[in-house]
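So the chains spell out like this:
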Amino acid sequence: ATPGHTRDCMSYMIQRKGQKEKLLFCSETVGAPAGSRFIPVALVSFQSAVDSIDRMESLKPDGLLFCHHGYEKPDQKIWHKMREAYSLAKERYVRELESGKSEQEMIRDLEQYYWTEEVRKYQPHKAFEENTKHMLQVIRREICQKGEVG
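Throughout, a residue's number is its position along its own chain's written sequence, starting from 1. Owing to the predicted nature of the model, reporting of local features is limited to residues with pLDDT of at least 70; listing and counting of side-chain atom pairs is limited to 80 or more, with chain, interface and lining totals taken over all residues. Computation of side-chain values: all heavy atoms of the structure, hydrogens and water removed.

### As for the overall build of the protein chain
Rules: Helix and strand definitions here come from DSSP, where helices need a minimum of 4 consecutive H or I residues and strands a minimum of 2 consecutive E residues; each element is numbered from the N-terminal end. Radius of gyration: C-alpha atoms only; globule rule: 2.2 Å multiplied by the number of residues to the exponent 0.38. Buried means the residue's accessible area, taken with a 1.4 Å probe over protein chains only, is under 20% of the maximum for its type, while exposed means over 50%, and partly exposed covers the values in between. Any two residues whose heavy atoms approach within 4.5 Å at even a single point are treated as in contact. The method behind every accessible area is Shrake-Rupley, applied with a 1.4 Å probe, and residues are considered shielded solely by the protein chains displayed. Under this rule, positive means Lys or Arg and negative means Asp or Glu; His and the chain ends count for nothing. Note on charges: their place is set at NZ of Lys, CZ of Arg, CG of Asp or CD of Glu.
Secondary structure assignment for the protein chain yields five helices and six strands. Ordered by position in the sequence, the α and β elements of the protein chain form the string β-β-β-β-α-β-β-α-α-α-α. Taking 15 Å as the expected radius of gyration for a compact globule of 150 residues, we find that the protein chain reaches 16 Å, a close match to that expectation. Projecting the C-alpha coordinates of the protein chain onto the three principal axes gives extents of approximately 60 × 35 × 25 Å. Taking all 150 residues of the protein chain together, the buried fraction comes to 43%. Look at the contacts in the protein chain between residues 6 or more apart in sequence, and 63% of them connect residues 24 or more apart. Surface accessibility of the protein chain: about 8500 Å² in total, with carbon and sulfur atoms responsible for 49%. Taking the average place of the 24 positive charges on the side chains of the protein chain and the average place of its 23 negative ones, the gap between the two points comes to 4 Å.

Given below as structure tokens:
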């Protein structure tokens, strides 16, 4: 199990019979690859998503298959990009939540950074809005209300 995007997210490691290469079908918990970065999509738990990324890396796969994207050869940079995406999202979302703006204003601000041309190819705007609402709720619950801001 690799929770974070949803409670029931699953990732699968496969190895073809007679082959050495191990491929990891990553759940959306790792985020959505978008050009040179990842878009985090922790809809139920921010911390679970980060923990799931650590768990997937520890499996030491030879190849990664991503939802909405395709194949990548893993290296330290890719795992770093995933973690960095969550770290930056935490800062960005907390800043929006502390701004006093309405939910729609926050979504519009976050859209400028996250709903890029690359993302628009596979994610309708309505889906982006719903994901962003849930991420705002997760960040508010797990970080802001626990006093982990700053």
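### Let's talk about the pairing of strand E1 (residues 12-15)
Let me state the cut-off plainly: By the convention used here, strands pair only if DSSP detects at least 2 bridges between them.
Bridging between E1 and strand E2 (residues 22-25) involves four bridges; their strand directions are antiparallel. Within E2, the position partnered with Ile14 by the bridge is Leu23.

### Some remarks on the sheet that holds strand E5 (residues 63-66)
Paired through backbone hydrogen bonds, the strands of a sheet run either parallel or antiparallel to each other. Quick reminder of the rule: Note on method: axes are straight lines fitted to C-alpha atoms, helices fitted across the in-contact stretch only, with angles between N-to-C directions ranging 0 to 180 degrees.
An order of E1-E2-E5-E6 is seen for the four strands of this open sheet, with the pairing classed as mixed. A strand with exactly one partner marks an edge of an open sheet, and here the two such strands are E1 and strand E6 (70-72). Adjacent strand axes in the sheet meet at a mean angle of 25° when their direction is disregarded. In this sheet, E6 lies alongside E5 in antiparallel orientation, the contact comprising three bridges. Bridged to Phe66 within E6 is Gly70. Sitting on the sheet, helix H2 (residues 76-98) touches E2, E5 and E6, and the angle it makes with E5 is about 35°.

### Focus on the pairing of E2
Side-chain positions along a regular strand alternate between the two faces of the sheet. Counting the residues in the hairpin turn of E1 and E2 gives six residues, including Gly18, whose phi is positive at 80°. Both E2 and E5 contribute to a ladder of three bridges, which runs parallel. When the bridges of E5 are listed, Leu23 appears paired with Gly63.

### A closer look at unusual backbone geometry
Non-glycine residue Lys60 carries a positive phi angle of around 50°. Mapped onto the elements, Lys60 comes out in the loop between helix H1 (46-58) and E5.

### Section: a nonpolar patch on the surface
Heads up, the rule is: Residues qualify for a patch when their relative accessible area is over 30% and they have no salt bridge, like charges being joined within 9 Å and the nonpolar side chains of Val, Leu, Ile, Met, Phe, Trp and Tyr within 5 Å. The rule for a salt bridge is simple: a side-chain nitrogen of Lys or Arg has to be within 4 Å of a carboxyl oxygen of Asp or Glu.
Side chains of Met10, Tyr12, Ile14 and Phe25 sit close together on the surface and give an oily, nonpolar patch of about 380 Å² of accessible area. Structurally, the position occupied by Tyr12 is in strand E1.

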